[in-house]
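Report on the structure
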Amino acid sequence: MTSTTRTVCPACGEPVSGADLYCENCGAELQPGAPSTPVLDTDTEPTIELHTGGDPAGAAVQPGPCRSCGGTVGAEGYCETCGTKASKLRDHFTEQPAPWVAAVCDRGIRHSRNEDAVAIAADPEPGSRALLVVCDGVSSSLDSDVASLAAARAARDVLVAGQAQGMGTEASREAAVIARLNAAADAASDAVLENTSPDSPNPASCTFVATVLEAGLLVAGVVGDSRAYWFPDNAEAVALTVDDSWAAELIATGVPRHEAETGPQGHAITRWLGKDAPDHTPRTTTLRVAGPGWLMACSDGLWNYCSEAAPLADLVRQTAAANGGEPLATASALVDWANAQGGQDNITVALARL
């Protein structure tokens, strides 16, 4: 990097670089003239949509108390007691369309914006039908926070709209679900493009992982390095996805996982959604689910600290046991755990309890 001029953030007074777009301390925008496509306003969006497999239903989200002192946050977005800038609604949000399915999306500690996104849906009957979508915006691209949220919701809506049964055979039902996952990835890709400025020097991009659980059939699809796992209570944990990443290619050649994932190119992805993406057709895995367990989709903000399926399954089971087996509390505790490990990235955890 070249040397840059140092100045201070106009909102909080913390030192910033003249090249920074956002303040690392409070998240304030430092260069309002930077290219932007605010089709989906992630700073002031008033609702987080919850779906139960039918029509969309909005649930108002109000700013909480000041995180610094507990005081009231005023209409201008600052605490009326201590003056601290309030957290953005996009920094931390949850979804729980049914008691057995929930998700938490969090900014983490080190990033100034939350570029992760999640959108989920579920039918009321536990174990019946659950749809989990996680997209992780690429930090080096512009407007990836906007694009990732638009992509996750677009994909979720496609999955909610269809429930194809194929020609009545198990093979045709699997093919129908895979076709629906491909259509969801197409919709997610279109959403990213719609939220990318045509003349952007670094177009928005994000990863994509989605899982479809319907009547015992589980199908997962991935583009990039967000992941899906199946953690049965009484059987071996299963990683449902393989990353599209340089690290995954090294692992395939025999390089130890820890060495590959912590190396200088450990988080370089080889496929993604975006204007410059080489291909966005998800790689899919199909599994018949028998017996109880946890289905999880997550971003690398979680698996950075516990990558392999077996120890991650142990972490999820222990966390669930400490939180009464409740999915939202468990997802929230897993996010807290990742933040306690350093919170180096945005963190998203989506869980379904079968």
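Now for a look at the structure at hand. Computed from a predicted structure; not experimentally measured. Sequence order as written defines residue numbering, which begins from 1 separately in each chain. Only residues with pLDDT of at least 70 get local features here, since the model is predicted, and only at 80 or more are side-chain atom pairs given and counted; chain-wide, interface and lining totals rely on the full set of residues. Heavy atoms throughout the structure, all of them, feed into the side-chain values; hydrogens and water do not.

Focus: the overall build of the protein chain
Convention followed: Each helix is a run of DSSP H or I of at least 4 residues and each strand a run of E of at least 2, with the numbering of both proceeding from the N terminus. Two residues form a contact once any of their heavy atoms are found within 4.5 Å. Here the open area of atoms and residues is found with the Shrake-Rupley method and a 1.4 Å probe, where only the protein chains shown may cover a residue.
Summing up its helical and strand segments, the protein chain has seven helices and 17 strands in all. Within the protein chain, contacts between residues at least 6 apart in sequence are counted, and of these 64% link residues at least 24 apart. Within the structure as shown, the protein chain displays about 15300 Å² of accessible surface, and the carbon and sulfur contribution to it stands at 53%.

As for the sheet that holds strand 16 (residues 293-298)
The cut-off we apply is this: Two strands qualify as a pair provided DSSP detects at least 2 bridges between them. Note on geometry: axes are C-alpha line fits, over the in-contact stretch for helices, and angles between N-to-C directions span 0 to 180 degrees.
The six strands are arranged 5-6-17-16-12-13 in an open sheet whose pairing can be described as antiparallel. Strand pairing shows two members of the sheet lacking a second neighbour, strand 5 (92-98) and strand 13 (238-239), which therefore form its edges. Running over the sheet, helix 7 (residues 327-340) touches strand 5, strand 6 (101-106), strand 16 and strand 17 (347-353) and is turned about 150° from strand 17.

What to know about the pattern of salt bridges
Selection rule: Any carboxyl oxygen of Asp or Glu within 4 Å of a side-chain nitrogen of Lys or Arg constitutes a salt bridge here. Relative accessibility under 20% of the residue-type maximum defines a buried residue, over 50% an exposed one, and the middle range a partly exposed one, all with a 1.4 Å probe and only protein chains included.
Here the structure, examined in full by the defined rule, presents 17 salt bridges. Across the pair Asp-233 and Arg-353 runs a salt bridge whose closest N-O atoms are separated by 2.7 Å. Residue Asp-233 is found in the loop between strand 12 (227-232) and strand 13, and its partner Arg-353 is found in strand 17; the two are separated by 120 residues along the sequence. Residue classification places Arg-353 among the partly exposed positions, given a relative accessible area of 24%. Linking Asp-244 and Arg-283 is a salt bridge whose minimum nitrogen-to-oxygen distance equals 2.9 Å. Of this pair, Asp-244 sits in the loop between strand 13 and helix 3 (246-252) while Arg-283 sits in strand 15 (residues 283-288), and the two are 39 residues apart along the sequence. Relative accessible area serves as the criterion here: at 40%, Arg-283 is assigned to the partly exposed category. Members of the salt-bridge network, linked through shared partners, are Arg-227, Asp-243, Arg-257 and Glu-261.

Brief notes about the environment of Gln-163
Within the secondary structure layout, Gln-163 lies in the loop between helix 1 (144-161) and helix 2 (170-194). Its relative accessible area of 43% is what places Gln-163 among the partly exposed residues. A C-alpha to C-alpha distance of 8.6 Å links Gln-163 and Glu-214, two positions 51 residues apart in sequence. Apart from the residues within four sequence positions on either side, Gln-163 is in contact with Arg-129, Arg-180 and Glu-214.

Observations regarding the packing of aromatic side chains
Applied cut-off: Ring pairs shown here join Phe, Tyr and Trp side chains whose ring centres sit within 6.5 Å, with only the six-membered ring taken for Trp; geometry is labelled stacked below 30 degrees between planes, edge-to-face above 60, and tilted in between. As a reminder, the over-ring test applies to NZ of lysine and CZ of arginine, requiring each to be within 6 Å of the ring centre and within 35 degrees of the ring normal.
One pass over the full model with this rule turns up two aromatic pairs. Cation over ring: Arg-227 sits above Trp-303, and NZ or CZ is 3.5 Å from the ring centre.

A word on the state of the cysteines
For clarity, the cut-off: Sulfur atoms of two cysteines make up a disulfide when they are within 2.5 Å.
In this structure the tally under the stated criterion is zero disulfides. Here Cys-206 is not disulfide-linked; the sulfur of Cys-135 is the nearest cysteine sulfur, at 4.4 Å.

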